[in-house]
Amino acid sequence: MPYREHHYRWEWQFEASPEALWPYVADTNRFNRDTGLPAVTRAAQPGADLTNGRKQLQFHRLGVLVEWEEAPFEWVRPSRFGVIRR
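Let me sum up the structure you'll find in this document.

Basis of the calculations
Residues numbered from 1 in each chain as written. Predicted model: local features only at pLDDT ≥ 70, side-chain atom pairs only at ≥ 80, totals over all residues. Heavy atoms only, no water. Pairing = 2+ DSSP bridges. Helix = DSSP H or I, 4+ residues; strand = E, 2+ residues; numbered from the N terminus. Buried < 20%, exposed > 50% of the residue type's maximum accessible area, 1.4 Å probe, protein only.

**As for the pairing of strand 2 (residues 55-61)**
When strand 1 (residues 41-42) meets strand 2, the two strands line up antiparallel, connected through 2 bridges. Within strand 2, the residue paired with Thr 41 across the bridge is Gln 58. Note: strand 2 against strand 3 (residues 64-70), 7 bridges, orientation antiparallel. Within strand 3, the position partnered with Gln 58 by the bridge is Glu 67. Connecting strand 2 to the antiparallel partner strand 3 that follows it, the hairpin turn spans 2 residues, and Leu 62 within it adopts a positive phi of roughly 55°.

Have a look at this one:
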């Protein structure tokens, strides 16, 4: 079954400076918690070490397992951050 690829991009204009907002938007653990995302854990796959800092992650929501491969975040302080998830 082929997977559909999704691309998302969000942009907003704020009165606050990027430096003032950075501590809030860059705290991804807090963002996940505040939006109700369940705890994210590493997927248990013995012998399936990923290279280049990539991780196999997962969470369970309403009885459904959500699993993905995540590349390292790209941080450009204080203006943006991004991540590729497959």
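**Some details on the environment of Ala 44**
Relative to the helices and strands, Ala 44 resides in the loop between strand 1 and strand 2. A relative accessible area of 72% places Ala 44 in the exposed class. Sequence-wise, Ala 44 and Arg 80 are 36 residues apart; in three dimensions their C-alpha atoms are separated by 31 Å.

That is the geometry; function is a separate question.
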